[in-house]
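One-letter residues, chain by chain:
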Amino acid sequence: MTISDAHEGGVIVVSPHGRIDSTTSALLDRHLQGLATAGQTRVVIDFTGVDYISSAGLRVLLALAKRGRDQKGRVALFGMNDSVRQVFDLAGFVALFTITPTRAEAVQSAMA
Amino acid sequence: MPEVNLHCTTLAPSADGVRRTLDEFERFGRAHGLSDDLRRRVLVALDEILTNIGQHGGSADNLILVDCTVADDRLTVTVEDSGSPFNPLDVPPADTASPLEQRKAGGLGIELVRRLFESVQYEHADSRNRLTITARVSRDVNHP
């Protein structure tokens, strides 16, 4: 997995590419924790390059959501394929996140 | 379509073994034209099952065998290991409904396996745990 960041206004858009599973989740977790440590609390995750996500990845996102709540930050997600969306549905994660159809809406939500 | 098989062996607990098995299934799925949906569901399940064995049956000599067969439009994936008897299907249902404050991620992996497949079966025989998942095969429409 590779991860790239883009800044849009006061929001950081994090784009992981590849699979988010037990073999890659620690990398994403470290990346997101680094942003939190740096005080970056408005985070958008771009899923357009993500093939699938397993529970190891869900754990990382749950930690992101809890940090976001603690730091009074904003988190939004967009660009999920059907497989990623299905895992979010089955795990009951849809209720925990703002998930938008487009990047622009995700950035706007994280800015609000 | 003729019957096709994939056999992998790996050792638990081994992150490299999990990665290698996922890579092998990825190639198998693409080579045989499995749909993205089915390929990804199996990759999620293999990641959950193999990491679970690593956590519960994690001695270095616990040889894990992964076998995938496509025949008669059914995909069967069997994961066997020689660790202590452990039925992952006995794990209580995961919390998928609490609000963020109370939400825990424990048990989500096996919950996903249970919900992603029509059939998930466990047996313990010959001192080995055997978990079998089956699915109807859907194929990539672009596969020759």
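Higher on the page you've got the structure.
In what follows, the accompanying structure is described. Source: prediction; values computed, not measured.

For the rest of this paragraph, the subject is the overall build of chain A. When its secondary structure is counted, chain A shows four helices and six strands. Written out in order from the N terminus, the α and β elements of chain A read β-β-α-β-β-α-β-α-β-α. When the backbone C-alpha atoms are referred to their principal axes, chain A occupies close to 30 × 25 × 25 Å. Per-residue burial over chain A gives 43% buried out of 112 residues. Summarising the internal contacts of chain A: among those between residues at least 6 apart in sequence, 71% fall at separations of at least 24.

Further remarks concern the overall build of chain B. What chain B contains, in helices and strands, is three helices and five strands. Listing the helices and strands of chain B from first to last along the sequence gives β-α-α-β-β-α-β-β. In terms of overall size, chain B behaves like a compact globule, its C-alpha atoms giving a radius of gyration of 16 Å where 144 residues would be expected to give roughly 15 Å. By its C-alpha atoms, chain B is 45 × 40 × 25 Å across when sized along the principal axes. For chain B, the proportion of contacts with a sequence separation of at least 24, taken over those separated by at least 6, is 65%.

Let us now look at the environment of A:Ala65. Structurally, A:Ala65 is set in helix α2 (residues 55–70). For A:Ala65 and A:Ala76, which are 11 residues apart along the polypeptide, the C-alpha to C-alpha distance reads 9.4 Å. Once residues within four sequence positions are removed from consideration, A:Ala65 is found in contact with A:Val75, A:Leu96, A:Phe97 and B:Leu100.

What follows concerns helix α1 (residues 15–31) of chain B. All names here are of chain B. Taking 1.5 Å of rise per residue, 17 residues should cover 24 Å, and α1 covers 24 Å from first to last C-alpha, within 8% of that figure. For α1, the set of buried residues is Val18, Thr21, Leu22, Phe25 and Gly29. Buried residues along α1 cover an arc of 100 degrees about the axis, so they all sit on one side. Exposed and oriented more than 90 degrees from the buried face of α1 are Asp16, Arg27 and Ala31. Residue glycine 33 follows α1 closely and has a positive phi angle near 70 degrees.

What follows deals with the environment of B:Pro99. Residue and element names in this part refer to chain B. Position of proline 99 among the secondary structure elements: in the loop between β3 (74–81) and α3 (108–116). By C-beta crowding, proline 99 is classed as exposed, having 8 other C-beta atoms within 10 Å. Counting along the chain gives 56 residues from proline 99 to leucine 43, while the straight-line C-alpha distance between them is 28 Å.

Looking now at the packing of helix α2 (residues 36–56) of chain B against α3(B). All names here are of chain B. Close contact between α2 and α3 brings their axes to 9 Å; oriented N to C, the two are set at 140 degrees. On the basis of their axis angle, the class for α2 and α3 is oblique. As α2 packs across α3, the resulting crossing turns out to be left-handed. Two secondary-structure elements touch here, α2 through Arg41, Val44, Ala45, Glu48, Ile49, Thr51 and Asn52 and α3 through Gly109, Ile110, Leu112, Val113 and Leu116. For the contact of α2 with α3, a count of residues per class yields seven nonpolar, three polar and two charged.

Moving on to the pairing of strand β3 (residues 42–46) of chain A. All names here are of chain A. Burial runs high along β3: five of the five residues are buried. Regarding topology, helix α1 (residues 25–37) serves as the crossover connection from strand β2 (residues 11–20) to the parallel β3, and that connection is right-handed. Two elements, β3 and strand β5 (residues 74–78), share five bridges in a ladder whose sense is parallel. Bridged to valine 44 within β5 is alanine 76.

This next bit is on the interface of chain A and chain B. Across the contact, 22 residues belong to chain A and 22 residues belong to chain B. Of all the secondary structure elements, the ones that give two or more residues to the side of chain A that touches chain B are β4 (50–53), α2 and α3 (82–90) of chain A. The element best represented in the side of chain A that touches chain B is α2(A), accounting for eight residues. Of the residues in the side of chain A that touches chain B, the class split is nine nonpolar, six polar and seven charged.

On to α2(B), then. In this model α2(B) runs 30 Å from its N-terminal to its C-terminal C-alpha over 21 residues, within 8% of the 30 Å that 1.5 Å per residue would give. Of all the 21 residues making up α2(B), 17 are buried; the element is thus mostly covered by neighbouring parts of the structure.

Cut-off values and rules
- Residues numbered from 1 in each chain as written.
- Chains lettered and ligands numbered in written order.
- Predicted model: local features only at pLDDT ≥ 70, side-chain atom pairs only at ≥ 80, totals over all residues.
- Helix = DSSP H or I, 4+ residues; strand = E, 2+ residues; numbered from the N terminus.
- Buried ≥ 20, exposed ≤ 12 C-beta atoms within 10 Å, placed from the backbone.
- Contact = placed C-beta atoms within 7 Å.
- Rg over C-alpha atoms; globule rule 2.2 N^0.38 Å.
- Expected span 1.5 Å × (residues − 1).
- Arc of directions from axis to C-beta.
- Axes fitted to C-alpha atoms, helices over the stretch in contact; angles between N-to-C directions.
- Parallel < 35°, antiparallel > 145°, perpendicular 65-115°, else oblique.
- Left-handed = near helix turned anticlockwise from the far one by under 90°.
- Nonpolar A, V, L, I, M, F, W, Y, C, P; charged D, E, K, R; others polar.
- Right-handed = clockwise from strand over helix to strand, strands pointing away.
- Pairing = 2+ DSSP bridges.

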